[in-house]
Amino acid sequence: MQVDIQCGPAFAYGTITLAPGGSVEVEAGAMASMTGGVEIATASRGGVLGGLKRSVLGGESFFINTFTAASGGTVSVAAKLPGDLVHMPLDGTRNLMVQSGSWIASDPAIDVDTKWGGAKTFFGGEGLFLLRCTGQGDMLVSSYGAMLAQEIPAGTTYVVDTGHVVAFPEGMTYEVHKAGNWKSAILGAEGLVTEFTGPGTVWLQTRSPQDLIGWLSANMPANRN
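Summarised in this report is the structure supplied together with it. Note that residues are indexed from 1 along each chain, following the sequence as it is written. Totals for whole chains, interfaces and linings use every residue, but because this is a predicted model, local features are given only for residues with pLDDT of at least 70 and side-chain atom pairs only at 80 or more, for both listing and counting. The basis for every side-chain value is the complete set of non-hydrogen atoms in the structure, without hydrogens or water.

1. Notes on the packing of aromatic side chains
Link 1 in the chain: Two aromatic rings from Phe, Tyr or Trp, using only the six-membered ring of Trp, form a pair when their centres are within 6.5 Å; if the ring planes differ by under 30 degrees the pair is stacked, by over 60 it is edge-to-face, and anything between is tilted. Applying the stated criterion to the full structure yields three aromatic pairs.
Link 2 in the chain: Ring geometry for Tyr174 against Phe196: centres 5.9 Å apart, planes inclined by 35°, an arrangement best described as tilted. Taken together, the positions of Tyr174 in strand β19 (residues 173-178) and Phe196 in strand β20 (residues 192-197) put the pair 22 residues apart, joining distant regions of the chain. In this pair, the class of Tyr174 matches that of Phe196, namely buried.
Link 3 in the chain: Joined through ring pairs, the aromatic side chains of Phe168, Tyr174 and Phe196 make up one cluster. Helix and strand definitions here come from DSSP, where helices need a minimum of 4 consecutive H or I residues and strands a minimum of 2 consecutive E residues; each element is numbered from the N-terminal end. Burial here depends on accessible area, computed with a 1.4 Å probe over protein chains only, as a share of the maximum for the residue type. Under 20% is buried, over 50% is exposed, and the range in between is partly exposed.

Here is the structure:
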């Protein structure tokens, strides 16, 4: 599929051009516009159990929309939070682990599944599951804020706040631990971080959804009966 991304990195808007007979799978609710003649079919990928797995464990929508253009057409997508969209093609030789909620759209040949992240992901506060994206084709991934690709050379480490991680290659070594000691965590407002070991590329978002939620919660008026 051909992808044209506009208005990034603050309010990215991605337009996917489909060849005659082509189709694209899109996260439920992410479609912003489309040309006439494009048909939409809604289903739970992998059946009911597969949809439940993605929804309950992966933090994604239960349903996926498939857009098909018999005579060709376009489908435009936008993420829920203001930020960037990045075109990430997969060549079939590498798999990507994508943070829950960042997958927006991909070719039907791309398999998007949940993968147990173990205690590392649980204690990172990012949910119990990551999305494992495999296959060959094109994929669109979103971020809150702009997205940066950080290259990590072999044998070196790079530490990222867990809320800023978007994606990284499957098999890349990483550990989740406290940023400093408990005094730093409580008084310095620094929580848990993910320490990656190269070689590999880590995609980061310049804003953290968890920080936004914390700020909103702290500034919301108290509920009154």
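2. With respect to the pairing of strand β2 (residues 13-18)
Link 1 in the chain: Across five bridges, strand β1 (residues 2-6) lies against β2 in antiparallel orientation. Each residue of the ladder has a partner; that of Gln2, found in β2, is Thr17.
Link 2 in the chain: Any two strands between which DSSP finds at least two bridges are classified as paired. Hairpin geometry of β1 and β2 is characterised by an intervening segment of six residues between the two adjacent antiparallel strands and by a positive phi of about 65° at Cys7.
Link 3 in the chain: Bridging between β2 and strand β7 (residues 73-77) involves five bridges; their strand directions are antiparallel. Following the sheet pairing, Ile16 is matched in β7 by Val75.

3. Things to note about the environment of Pro209
Link 1 in the chain: As for its placement among the helices and strands, Pro209 is situated in helix α4 (residues 209-219).
Link 2 in the chain: Sequence separation between Pro209 and Gly163 is 46 residues, and the spatial gap between their C-alpha atoms is 6.8 Å.
Link 3 in the chain: Any two residues whose heavy atoms approach within 4.5 Å are treated as being in contact. Each residue touching Pro209, except ones within four places of it in the same chain, is listed here: Leu81, Tyr144 and Gly163.

4. A closer look at the nonpolar core
Link 1 in the chain: In plain words, nonpolar cores are sets of buried Ala, Val, Leu, Ile, Met, Phe, Trp, Tyr and Cys residues tied together by side-chain atoms within 4.5 Å. The biggest cluster of nonpolar side chains holds 17 residues, and the ones touching the most others in it are Met88 and Met139.
Link 2 in the chain: Elements with a contribution of two residues or more to this core: β10 (96-98), β13 (129-134), β15 (139-142) and β18 (165-169).
Link 3 in the chain: Leave out the neighbours within four places in its chain, and Met139 touches Met1, Val86, His87, Met88, Leu90, Leu96, Trp103, Ala105, Ser106, Ile110 and Cys133.
Link 4 in the chain: By size, the runner-up hydrophobic cluster in this structure holds 15 residues, among which are Ala30, Leu85, Ile104 and Leu140.

5. Looking at unusual backbone geometry
Link 1 in the chain: Here the residue pair Gly8 and Pro9 is connected by a cis peptide bond, since its omega of 5° sits within 30 degrees of zero.
Link 2 in the chain: Following the sequence through the fold, Pro9 ends up in the loop between β1 and β2.
Link 3 in the chain: Gly198 connects to Pro199 through a cis peptide bond whose omega is 15°.
Link 4 in the chain: If you check the backbone angles, Cys7 has positive phi at about 65° while not being a glycine.
Link 5 in the chain: Its location among the elements puts Cys7 in the loop between β1 and β2.
Link 6 in the chain: Judged by relative accessible area, which is 54%, Cys7 ranks as exposed.

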